[in-house]
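Survey of secondary and tertiary structure
Okay, here's what each chain looks like letter by letter:
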Amino acid sequence: MNEGEQKMMSNRVATNRAGAVLAVLFAGAFVMGCAEMLVVGMIDLVSADLQVSIAAAGALVTANALGLAIGGPLLTFFVTRFDRRHVLLVATSVFLLANLLPALGADYPVLVVARVVIGAVQGLFIAAAMVTATSVVPPHRTGRAMAVVISGFATSSALGLPLGTLLGQAVGWRGSFIAVVVVTAIVLALLFMLLPSVPTAADGGAVGQAKHAFAPRVLAVLFVSFLTFAGMLAAITYLVPFLDEVTGLTGPVVTAYLLIYGVSTAVGSFAGGRFADANASRMLIIGAVGVAISLAVMLVFGANAWMAGVAVLGVGLLGMATGPSIQHRVVSLSGPGAPLAASLPASAVNAGIAFGAFTGGLAIEAGGVSSAVVAGIIISVVAIGVAWATSFLKVPVPAAAVVAEPAGR
């Protein structure tokens with residue numbers, strides 16, 4: 001075998017190894033996303049079994065979201081100096097143990113605490129998975145590697161949620177969590193076998209990373225994500241009553257629209273990786289514009305069932321396609337703070353979802369269900385302006401690179 005053939009084989013092995021690593025990271029993200037959303041699909045079963053109100057059962061979803069939004073970055077901060085391989089293995093192990101609690105019969109107060117822990121280690125997994133995914137691919141495929149992890153979570157909403165709900169209806173809601181534990185154990189074994197070592201740089205201390213991760217330029221881009229998802233969820237949270245009152249659709253037909261939204265977010269998150277690699281800043285503007293236009297179509301033509309479907313498709317596809325670009329921009333702009341910054345987009349998204357749902361609810365109380373769509377449009381227009389403004393932010397040049405430049409250049 002000559003030198004050229006040896007190089008080609010080496011590249012092929014590296015590609016295969018990278019593909020396997022990305023596949024298991026996708027699987028981990030998928031099962032964690034399923035666990036996060038299971039309560040949504042079985043909230044009536046959970047409420048009845050635990051003998052709590054629907055609102056109290058819904059608090060289990062809130063607990064998970066708060067754990068992810070706040071606990072994820074905090075955990076990432078405290079373990080920032082550890083090898084990402086070890087972080088992923090520990091995060092997945094804790095996730096497995098925490099999900100044993102609902103599977104084995106824990107009562108409501110214990111479940112609330114468990115859901116906070118589950119959300120926190122999910123946020124930690126996201127950050128470590130992003131760093132690991134980008135470490136096994138060439139620089140020009142960074143966005144696509146990030147998209148693999150993001151699409152794992154998006155796919156869990158599109159496919160894992162309905163499948164888990166059906167399983168819960170067949171064997172009980174705790175049975176669905178048993179399935180989560182079993183699948184997580186398989187994923188953990190694969191992670192142990194496939195994950196490479198991804199050490200943190202020697203000068204990558206937690207405080208030093210925080211200085212870069214929370215730099216104004218990074219926070220500005222995170223604000224784009226906050227606004228984009230707030231605009232989406234201000235309307236989508238109330239899609240069912242909108243279809244009922246405006247479009248005149250009820251029953252099983254509404255489920256088809258929810259499926260359209262779920263599938264479009266999965267497709268958008270995966271396809272968005274290529275756009276992130278090509279021009280992440282431009283994709284953030286396109287995504288915000290696409291969400292605003294889609295919501296405008298929903299508002300003006302929502303009485304038509306087909307146009308309402310097109311609008312739902314556009315919101316999910318174009319909104320979620322910004323996910324890889326947000327992650328790409330945040331990691332790039334944070335420089336040495338990338339390992340910590342990788343946990344922040346998920347927090348911004350969850351904060352945006354909470355704000356959007358709250359704002360849409362206030363709008364409905366003030367002016368009816370269509371007002372939620374109006375609120376979404378207004379937020380999305382603001383997102384367009386912020387996305388355009390942040391497109392001028394440049395990736396910081398390392399000091400060593402500046403020193404290395406010849407004088408006079």
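Residues numbered from 1 in each chain as written. Predicted model: local features only at pLDDT ≥ 70, side-chain atom pairs only at ≥ 80, totals over all residues. Heavy atoms only, no water.

For the chain, the helix and strand inventory stands at 17 helices and 0 strands. For 409 residues, the compact-globule formula gives about 22 Å, and the C-alpha radius of gyration of the chain, at 22 Å, lands near that figure. In terms of its C-alpha atoms, the chain occupies a principal-axis envelope of roughly 65 × 50 × 45 Å. With 409 residues in all, the chain has 52% of them scored as buried. Put simply, 86% of the contacts in the chain that link residues at least 6 apart link residues at least 24 apart. Element-wise, carbon and sulfur atoms account for 73% of the exposed surface of the chain, whose accessible area totals about 17800 Å². Each charge class in the chain can be summarised by its mean position, and for the 17 positive and 13 negative side chains these summaries are 14 Å apart. (Helix = DSSP H or I, 4+ residues; strand = E, 2+ residues; numbered from the N terminus. Rg over C-alpha atoms; globule rule 2.2 N^0.38 Å. Buried < 20%, exposed > 50% of the residue type's maximum accessible area, 1.4 Å probe, protein only. Contact = heavy atoms within 4.5 Å. Areas by Shrake-Rupley, 256 points an atom, 1.4 Å probe, with all protein chains shown as cover. Lys, Arg positive; Asp, Glu negative; His and termini not counted. Charge placed at Lys NZ, Arg CZ, Asp CG, Glu CD.)

Running from amino to carboxyl end, helix 11 (residues 252–301) crosses helix 16 (residues 370–390) at an angle of 160°, the nearest separation of the two axes being 8 Å. The angle between helix 11 and helix 16 falls in the class roughly antiparallel. Relative to helix 16, the crossing made by helix 11 is left-handed. In contact with Leu-284, Ile-285, Ala-288, Val-289, Val-291, Ala-292, Leu-295, Ala-296, Met-298 and Leu-299 of helix 11, helix 16 contributes Ser-370, Val-373, Val-374, Gly-376, Ile-377, Ser-380, Ala-383, Ile-384, Ala-387 and Trp-388. Among the residues forming the contact of helix 11 with helix 16, the class breakdown is 17 nonpolar, 3 polar and no charged. (Axes fitted to C-alpha atoms, helices over the stretch in contact; angles between N-to-C directions. Parallel < 35°, antiparallel > 145°, perpendicular 65-115°, else oblique. Left-handed = near helix turned anticlockwise from the far one by under 90°. Nonpolar A, V, L, I, M, F, W, Y, C, P; charged D, E, K, R; others polar.)

Turning next to helix 10 (residues 239–247). When helix 10 is considered as a whole, its buried residues turn out to be Leu-239, Phe-242, Leu-243 and Thr-247. Taken end-on, helix 10 shows its buried residues confined to a sector of 100°, consistent with a single buried face. Tucked into the core, helix 10 has its buried residues touching helix 9 (216–236), helix 11, helix 12 (305–320) and helix 16. Just downstream of helix 10, Gly-248 is the residue with a positive phi angle, here 80°. (Arc of directions from axis to C-beta.)

What follows deals with the confidence of the model for the chain. For the chain, the average pLDDT comes to 85, and 91% of its residues sit at 70 or higher. When mean pLDDT is taken per element in the chain, helix 16 scores highest with 96 and helix 17 (residues 399–404) scores lowest with 40. (pLDDT = per-residue confidence, 0-100.)

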